[in-house]
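Inside the fold
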Amino acid sequence: MTILNFGKSALACMLAGGLMVGGAAAETLRLSHNTGDTTTWHKGAEKFAELISDATGGDISVRVFPNAQLSGGDQMRQAEMVGRGALDLVVTSAINVTPLVPEMAVFSLPYMYSTYDQVDATTQGAPGEILAEILGEKGIVVLAWGENGFREITNNIRPIKTPDDMKGLNMRVAGPMYIDVMNALGANPQQMQWGETMTALQQGVVDGQENPIGAVIIPQQVYEVQKYLTTWHYSYDPIFVGISEQKWNSYDAETQEKLRAAAQEAMTYQREISREATESGIAFLEEKGMEVYQPSAEELAAFKTATKPAYDEWAAKVGDEIVKAFEDAIAATN
């Protein structure tokens, strides 16, 4: 009887402290991201969860929460919550972190990039490490960079072929820099959470929005509520997997390496499927009834000229040294 009682007591203690696996308490981390559960964001987050569970023999599992559920639907708050340890993990995009770290706008400066090689030279190279260090000062450890992609514009009013076509359009935007870009084009920007955007488009509260084809427009079925799309490639937006510094520091070096390796493999996968979906996306969207306009080099140059004031304003906020690091890395790919 004494042995039986001891067994019950020991079991109760184990349950109170977490299920013991491999000599350590199994742990479930919470990961929040901005978009729905059909997107490449979600697929990348789920891949990370799968990989880290395998790497740790189930000692660490990750539960993924889409649509910024853990921040009350506020996609801008997620990174700040990770920074103070209120959330374990986040997958979010650079532009969503600019209220906390203005320097993150460097990735999305209008017409900074024109190719994926240029993008990879920054996100997977030294420029990305500079931004990771700055995020580290805010309590966020960047594990890997993924991809939201080149942001294209959709609307229900008219085809967008020239900067003048933007005038007067009510456009949903994700962050402060895009407000200035839209103002430079004569549009009326409205910053709005993604969770509210589809309803706003359906109801005509806004005329259009801008987002990547493979990562958002197709999986979120934007084509069901928008008629026109222009592939103007005006801005690029990376995503990243970030972990709370408090949580990160609770692990030994071996576990940290497993977390980083899992995140990097997951984001490599996420970039691949995002780019594949983008490559086949235009034909898909045309099949769904969208009118797709692909601007010429001369037409893109006109948009670049029109958005130059926003570029200059935000480049100043980012800082000359960081902007130069990005511009130099991009120039080296030519």
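Residues numbered from 1 in each chain as written. Predicted model: local features only at pLDDT ≥ 70, side-chain atom pairs only at ≥ 80, totals over all residues. Heavy atoms only, no water.

Cut-off, in case you're wondering: UniProt positions are given in the numbering used here, feature names are shortened, and annotations may be inferred rather than shown by experiment.
Naming follows an unreviewed UniProt entry, where the protein appears as Tripartite ATP-independent transporter solute receptor, DctP family of Roseovarius pacificus. Reading the Sequence similarities (unreviewed entry) entry of the UniProt record for the protein gives the comment "Belongs to the bacterial solute-binding protein 7 family." Heading Subcellular location (unreviewed entry) of the UniProt record for the protein holds this comment: "Periplasm".

**Comments concerning the packing of helix 2 (residues 40–55) against helix 10 (residues 253–287)**
The test is simple: To get an axis, fit a line to the C-alpha atoms, keeping to the stretch in contact for a helix; angles then go from 0 to 180 degrees between the N-to-C directions. The secondary structure listing takes helices from DSSP runs of H or I that are at least 4 residues long and strands from runs of E that are at least 2 residues long, numbered from the N terminus. Small angles under 35 degrees read as roughly parallel and large ones over 145 as roughly antiparallel, with 65 to 115 read as roughly perpendicular and the rest as oblique. Here a crossing is taken to be left-handed if its near helix is turned anticlockwise relative to the far helix by less than a right angle, and right-handed if that turn runs clockwise. Contact between two residues is taken to exist if any of their heavy atoms lie within 4.5 Å; hydrogens are not considered.
Remark: helix 2 packs on helix 10, axes separated minimally by 8 Å, with the N-to-C direction vectors making an angle of 150°. Taken together, the axes of helix 2 and helix 10 lie roughly antiparallel to each other. With respect to the hand of their crossing, helix 2 and helix 10 are arranged in right-handed fashion. In this structure, helix 2 contributes T40, W41, K43, G44, K47, F48, L51, I52 and A55 to the contact, and helix 10 contributes K258, L259, A262, A263, E265, A266, M267, Y269, Q270, I273 and S274.

**Re the packing of aromatic side chains**
Formally: Note on aromatic pairs: the rings of Phe, Tyr and Trp (six-membered ring only in Trp) are paired at centre separations within 6.5 Å, and the planes decide the class, stacked below 30 degrees, edge-to-face beyond 60, tilted for the rest. Note on classification: 1.4 Å probe, protein chains only; a residue is buried when its accessible area is under 20% of the maximum for its type, exposed when over 50%, partly exposed between these limits.
Scanning the entire structure with this criterion turns up ten aromatic pairs. A centroid spacing of 5.5 Å and a plane angle of 75° characterise the contact between Y113 and Y236, whose relative ring orientation is edge-to-face. Of the two residues, Y113 sits in the loop between strand 5 (89–93) and helix 4 (116–123) while Y236 sits in strand 10 (residues 228–244), which places them 123 residues apart along the sequence. You can call Y113 buried: its relative accessible area is 4%.

**Focus on the pattern of salt bridges**
Applicable threshold: When a carboxyl oxygen of Asp or Glu lies within 4 Å of a side-chain nitrogen of Lys or Arg, that pair is called a salt bridge.
One pass over the full model with this rule turns up twelve salt bridges. We note a salt bridge from K308 to D312, for which the minimum N-O separation is 2.7 Å. Placement of the pair is K308 and D312 together in helix 12 (residues 308–318), with a separation of four residues, close to one helical turn. Using a relative accessible area of 42% as the deciding quantity, one classes K308 as partly exposed. Among the ionic pairs, E313 bridges to K317, the shortest N-O distance being 3.9 Å.

**Topic: the confidence of the model for the protein**
The criterion, for reference: Note: pLDDT gives the predictor's confidence per residue, expressed from 0 to 100.
On average, residues of the protein score 92 in pLDDT, and 93% of them reach the 70 mark or higher. Below pLDDT 50 for its whole length, residues 1–23 participates in eleven contacts with residues either more than four positions away or in separate chains.

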